[in-house]
Amino acid sequence: MPSRRTFLQSSLLAAGAAALPRALAKTGPSGAKVVSTWDFGVPANQAAWAVLAKGGSAIDAVEAGARWAETGQCNSTVGRCGYPDRDGFVTLDASIMKGDGSCGSVAALEGIDHPITVARRVMEKTPHVMLVGAGAQQFAIEQGFKAQDLRTPEAEKAWKEWLKTSKYAPEINVEQRAMPGNKENHDTIGMLAIDASGQLAGACTTSGMAWKMRGRVGDSPIIGAGLYVDNEVGGATASGVGEEMIRNAASFLVVELMRQGRSPAEACREAIERVVSKRPEASKELQVCFLAMNKHGEVGAFALHQGFSYAVCDAGKQDALLRSQSIYTSQKS
Ligand code: SD4
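For clarity, every value in this text was computed on a predicted model and none was experimentally measured.

Colleague: What is the right way to look at the UniProt feature "active site" (unreviewed entry) in the protein chain in this model?
Modeller: With numbering aligned to this structure, UniProt lists the feature "active site" (unreviewed entry) at Thr 188. Among the secondary structure elements, Thr 188 is positioned in the loop between α6 (153-163) and β5 (189-194). Thr 188 sits in the buried class, given a relative accessible area of 6%.

Colleague: In this structure, what is going on with the site of the ligand? I would like to understand it.
Modeller: Looking at the ligand, there are 14 residues lining it, with Asp 187, Thr 188, Arg 216, Asp 219 and Gly 240 nearest. Contacts to the ligand include Arg 216, whose side-chain N or O atom sits 2.7 Å from an oxygen atom. One of the side-chain nitrogen or oxygen atoms of Ser 239 is found 2.9 Å away from an oxygen atom of the ligand. Of the residues in the shell around the ligand, the class split is two nonpolar, eight polar and four charged.

Colleague: Before we go on, may I ask you to explain the packing of aromatic side chains in this structure?
Modeller: For any two aromatic rings, the description comes down to two numbers: the centre-to-centre distance and the angle of the planes. Throughout the structure, instances matching the rule amount to five aromatic pairs. With a centroid separation of 5.1 Å and 75° between ring planes, the pair formed by Trp 38 and Phe 308 is classed as edge-to-face. A residue pair is termed long-range when its members are at least 10 positions apart, and Trp 38 in the loop between β1 (33-37) and α2 (41-52) and Phe 308 in the loop between β10 (299-305) and β11 (309-314) qualify at 270 residues. Phe 308 shares its class with Trp 38; the two are buried.

What counts as what
- Residues numbered from 1 in each chain as written.
- Predicted model: local features only at pLDDT ≥ 70, side-chain atom pairs only at ≥ 80, totals over all residues.
- Heavy atoms only, no water.
- UniProt positions renumbered as here; feature names shortened; annotations may be inferred.
- Helix = DSSP H or I, 4+ residues; strand = E, 2+ residues; numbered from the N terminus.
- Buried < 20%, exposed > 50% of the residue type's maximum accessible area, 1.4 Å probe, protein only.
- Near = heavy atom within 4 Å.
- Polar contact = N/O pair within 3.5 Å; in protein donor to acceptor, adjacent residues only side chain to side chain.
- Nonpolar A, V, L, I, M, F, W, Y, C, P; charged D, E, K, R; others polar.
- Phe/Tyr/Trp six-rings, centres within 6.5 Å; stacked < 30°, edge-to-face > 60°.

Next comes the structure, spelled out in structure tokens:
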């Protein structure tokens, strides 16, 4: 097993993000860190780091990072520009959680461009944890959000193309196909942060699987499946085909494995092995990815199939992009 340092160095990818503003480089509290899924985690982390570097809280940081992913880019898998369900509706899922156990989420939310902030309002302004569908939208509007049509012309075109076959068959790493001209296969953003005072928080936001059935909810808004955070241990988040995360209470599982003494990488690997052991045949055809950080700021990831990347940002380096190890090393075995 390579040391963490060796692993990080050997798996560093060419930084895909724009150069950092000079003011951000090598500044910020030394204990603070933010990590997130896929290539677009690099710029999303930087949006979160802008909060942490000023001594801001982990919860404010992950909300800022997730908000960037929801509108700052347009990639068919998160927030605005997300691909619709099979009936043509863009429906968004998001969750947010603090290390003290506070949490909030929204599922199947339509017409609201910042589901992560609605999830935070559920956490802070209601006695509930989760609001779904029309009720979630009603709450968002009461909170001052504007309902709008989130379906882009590109998403509409892709949906009409999909209707020709109407075949629901998620592809590994590209289940929600990148827009024409967008070469990245990035996906749902899951983000974990630790702030200067040692508090942890996480966020997860997505438009879910493209062409899903109307009413389908994935793992991302389900506390314990797509996201789980505990100040006493650490946090975990997931990307990939959410049904597998729900079946295995996967992010909770990763955190509990860390509680039992596993490193973040070991915990992610063991959780992936659990997914495989439950459905070995299905596991060959779909992607599942975990990212975890413990309370000491150690980071690890593991995926079912190769191709999962994750971004790490702290006072020393704000644009690290790493490649996760995986069970299967070719996309289909
Ligand atoms: C879902 N986990 O809705 C999300 C989608 C995703 O890679 O992460 N795809 O199931």
